[in-house]
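Here is what each chain is made of, one letter per residue.
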Amino acid sequence: MKFRFRTTTMKNKGAEDMIKILLVDDEAFIRQGIRYTIPWEKHGMEIVGEAANGEDGLKLAIQLSPDIVFADIQMPIMSGIELARKLNEYLPRTKVIILSAYGNTENFTRAIEVKVSSFVLKNADSGKILEAALRAKDAISEENAAYGRQTLMQTIYKENQHLIKSALFAKFLKNEIPLNTFQKKAEKLDMPLPGPCYSMLLARCVANDDWPVYNHFVQAFQELEPFVFFMDDGKLVTVLNVGAQGVSEEVMDKTLANLKPYIFGNSMVLMNRIDSLEEFSCAYALLDRALDACFWNMERQYTEVAPTDIFPSIGPSEIQDSESKVISAVLSRNAAHIEQAIQEYAEFMRQNTVSRSCFLESVNRIIVLMEAVMERQNDARRTAEIVAETETPEEVIELMLSLAKPNLETDYKNVQFAAALDYISQNYNKDLKLTDVAKAVYISTGYLSRIFKSETGYSFKEWVNRIRIEKAKELILNSDLKYYEIAELVGYKDYKYFSAYFSKLCGVSAKEYKVLNSPMLHR
């Protein structure tokens, strides 16, 4: 073998950037020549080990994981061809360059069979050796880049796998893809739909696309292999794998306390005994209508829907007729007529179980007109936001009635609202309602509802729960009371509700909060 000496230029490259080379040849002078006559480091490569036979070379390769192996074709114990075959099995990303004194057809054929990277004759000069190594290095760089892209795609897929599944499921529920397409893709995505029967739960949540909400629903029904996801309109779907009996009242009562802080009012509906995937789209459509209708049934914590239930929809023209009577009263500027028209309007909506969405659209149209006619300075968009956040029909009607009255309360806004907050802080441990607070400070419920969000940033319900939890935190750190005793003292009749709200607002359980904030911990 001819060697041409070249000057070595040292560069400060990190070892992790270097291409690692292993030399396997039974002739020591060949190994030494390759090691010392080629400026490997200048080209981003380094010799990490040597072996005198194929067997030792294999052991060393497994230990060092080289990027390139130079292997003599003829060696004792194990030939270079056999070594290459073993390396393809154990280290498939390692490139093998075969060295041979003879370039006969048999050697070339055998080298190709074991997928060697290059074949270099031993009488070649050092430049040929380097060229073979550089070609292998370029191939490694390309493969690493491709591997990096593949790894990145796999990472992206893994991180977004649930969103991909959710998007597929949402399309199926909305009849945008047929059942057979859904089944094929669901199988590939390994979606948990074993059955044999299913229950489907639909809820409108306080926060949409919120992982804590998702996790609470998953944990609440974890024994039923739930698949939980948000639809694009913010509704949360929970599909449960159950038997023919469905989800019992006992299970719902047990889980509801933990879910209640995340559910908007009583906006949760359940359908049991869905016998097959074919029924999913119809079940979802029925639950969607039921979710809007349950707005009028505030005495229920949730509504169970049967596949045979009917939710008749009222036409836009009938809604507009009822709406026009309120508008006529508003134009009359007679407060008594307006109040009577609003009450009749509310009763019409209730009797016809008008969907919440249609009801609120109608209400917003009326409010925009009322604020214009009454010449108020209120922001109509802000009022619409308050309407959207109302959890009961009574809150909406009270808000409308407050707008029908002369705007005298505005002059006393600061004093009266401060009194309302003070009343809440003094009575948070009672079964407190917005009507109680409004009555105590001599303002209308609708007016208090209207200004509460703008003044505090929270709804009345959210504010009361925050006051209660703050008081609970004080008792946890400064008393030896049991947690259920603290829950009762701050106004929660059911410890489960206290526990759920505490976890939601503090991010930890009451017990964990005490441990994390114990004075002993910070000494």
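You'll find the structure just up there.
The rules behind the values
- Residues numbered from 1 in each chain as written.
- Predicted model: local features only at pLDDT ≥ 70, side-chain atom pairs only at ≥ 80, totals over all residues.
- Heavy atoms only, no water.
- Helix = DSSP H or I, 4+ residues; strand = E, 2+ residues; numbered from the N terminus.
- Expected span 1.5 Å × (residues − 1).
- Buried < 20%, exposed > 50% of the residue type's maximum accessible area, 1.4 Å probe, protein only.
- Arc of directions from axis to C-beta.
- Contact = heavy atoms within 4.5 Å.
- Polar contact = N/O pair within 3.5 Å; in protein donor to acceptor, adjacent residues only side chain to side chain.
- Pairing = 2+ DSSP bridges.
- Axes fitted to C-alpha atoms, helices over the stretch in contact; angles between N-to-C directions.

Participant: Just to check I follow, could you spell out helix α12 (residues 335–351) for this structure?
Facilitator: Each α-helix turn comprises 3.6 residues. Residues three or four places apart therefore point the same way. Taking 1.5 Å as the rise per residue, α12 with 17 residues should run 24 Å; its terminal C-alpha atoms sit 24 Å apart, in good agreement. Where α12 is concerned, the buried positions are Ile338, Ala341, Ile342, Tyr345, Ala346 and Met349. Angularly, the buried residues of α12 cover 140 degrees about the axis, an arc narrow enough to put them on a single face. Where α12 is buried, its residues meet α11 (316–332), α13 (356–373) and α15 (393–404). One side-chain oxygen of the residue at the start of α12 lies 3.0 Å from the amide nitrogen of Ala336, identifying that residue as Asn334. Of the residues flanking the end of α12, it is Thr353, one or two places downstream, whose phi is positive at about 45 degrees.

Participant: Help me understand the sheet that holds strand β6 (residues 197–205) in this model?
Facilitator: What holds strands together in a sheet is hydrogen bonding between their backbones, with the strands either parallel or antiparallel. The five strands lie next to each other as β7-β8-β6-β9-β10, forming an open sheet whose pairing is mixed. With partners counted over all chains shown, the strands left at the sheet margins are β7 (227–230) and β10 (303–305), one partner each. Within the sheet, the average angular offset between the axes of one strand and its neighbour, ignoring direction, is 20 degrees. Sheet topology note: the strand β9 (residues 263–274)/β10 ladder contains three bridges and is parallel. Among the inter-strand pairings, Met271 is bridged to a residue of β10, identified as Val305. In the packing of helix α9 (residues 249–259) onto the sheet, the strands contacted are β6 and β9, and the crossing angle to β9 comes to about 150 degrees.

Participant: Looking at this structure, how should I read the pairing of strand β8 (residues 235–242)?
Facilitator: When a strand is regular, its side chains alternate between the sheet's two faces. Where burial is concerned, most of β8 is hidden: eight out of the eight residues are buried. By the alternation rule, side chains of β8 split into Lys235, Val237, Val239 and Asn241 and Leu236, Thr238, Leu240 and Val242, which are all buried. Alignment of β7 against β8, held across four bridges, turns out to be antiparallel. Considered in β8, the bridge of Phe229 is made with Val237. Linking β7 to β8, which pair antiparallel, is a turn of four residues; within it Gly234 sits at a positive phi near 90 degrees.

Participant: Please explain the sheet that holds strand β1 (residues 19–24) as it appears in this structure.
Facilitator: Taken in spatial order, the five strands of this open sheet run β2-β1-β3-β4-β5, and their pairing is parallel. The open sheet has two edge strands with one neighbour each: β2 (45–51) and β5 (118–121). Taken pair by pair, the neighbouring strands of this sheet meet at an average axis angle of 25 degrees, ignoring direction. Both strand β4 (residues 95–100) and β5 contribute to a ladder of four bridges, which runs parallel. Bridging across to β5, Leu99 finds its partner in Val120.

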